[in-house]
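# Coordinate inspection notes
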Amino acid sequence: MADENTTENEIENSTGEDAAAEGVRKVEATAPDAAVQQPTEEAPRTLTDFAELAAVATGTTAPDRPLEETSNEPKIDERGRSYATGRRKDAVARVWIKPGPGKMVINGREIESYFARPTQQMMIKQPFEVAGRANQYDVICTVSGGGLSGQAGAVRHGISRALAGYEPGLRSTLKKGGFLTRDSRTVERKKYGRAKARRSFQFSKR
């Protein structure tokens, strides 16, 4: 009887252990791997993160990009001159300025012989007068295209830009006076069916 009891108990224990092992295996097989399938929790985004993303998206600021420093050094060549290009209407002027008594040579001629009108001469000399540098710089200029009015405006624009390049401290004064802005006004083109840009042909009833 003892042997039979022991054998029956051993059989029952072994079968119970096998069932438990099989249950554990089934649970392990069906249960998902916590380390693999459990999603990792991300830290919540703050307002500063969204502000940085918006700034980068709009291109207003670049946190990782170093800021470009604007140099206020004068732009002078090896001959001690400052060069700039001026434009007005269809005229283009190449201007060089350097310290001197205020002599102006335009296309190899004096300013009085090239621009005979006093209003044009006064317009060309305006940047020096506004900046307080009258008769302190010599000007050498070559201008082409357009008429005398457009050429005078192109020379003034070039002188203003060259003066701002020679003395960067005068840029704000010249900018406030509007001398550094390229005047984009041009003649309106003629349209088909019109005598001029907007002028209609003469109407005759009979």
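Residues numbered from 1 in each chain as written. Predicted model: local features only at pLDDT ≥ 70, side-chain atom pairs only at ≥ 80, totals over all residues. Heavy atoms only, no water.

Helix and strand counts for the protein chain come out as seven helices and five strands. Moving toward the C terminus, one meets the helices and strands of the protein chain in the order α-α-α-β-β-β-β-α-α-β-α-α. By residue count, 24% of the 206 residues in the protein chain fall in the buried class. Per element, the accessible surface of the protein chain, about 15600 Å² overall, is 52% carbon and sulfur. (Helix = DSSP H or I, 4+ residues; strand = E, 2+ residues; numbered from the N terminus. Buried < 20%, exposed > 50% of the residue type's maximum accessible area, 1.4 Å probe, protein only. Areas by Shrake-Rupley, 256 points an atom, 1.4 Å probe, with all protein chains shown as cover.)

Residue asparagine 107 is not a glycine yet carries a positive backbone phi of 55°. The topology assignment puts asparagine 107 in the loop between strand 3 (104–106) and strand 4 (109–110). Accessibility expressed as a relative area gives 31% for asparagine 107, which makes it partly exposed. Although it is not a glycine, asparagine 135 adopts a positive phi angle of roughly 55°. Residue placement: asparagine 135 occurs in the loop between helix 5 (118–131) and strand 5 (137–144).

Our focus in this paragraph is helix 5. Residues three or four positions apart in an α-helix share a direction because the helix packs 3.6 residues into each turn. In this model, helix 5 (14 residues) spans 20 Å end to end at C-alpha, consistent with the 20 Å of a helix rising 1.5 Å per residue. Taking the largest bend as the criterion, helix 5 deviates by roughly 45°, centred on lysine 125, and proline proline 127 comes between one and four positions later. Every buried residue of helix 5 is listed here: Gln120, Gln121, Ile124, Pro127, Phe128 and Ala131. The secondary structure elements touched by the buried residues of helix 5 are strand 3, helix 4 (111–114), strand 5, helix 6 (148–166) and helix 7 (171–177). (Expected span 1.5 Å × (residues − 1). Bend = angle between axes of the 7 residues up to and from the residue. Contact = heavy atoms within 4.5 Å.)

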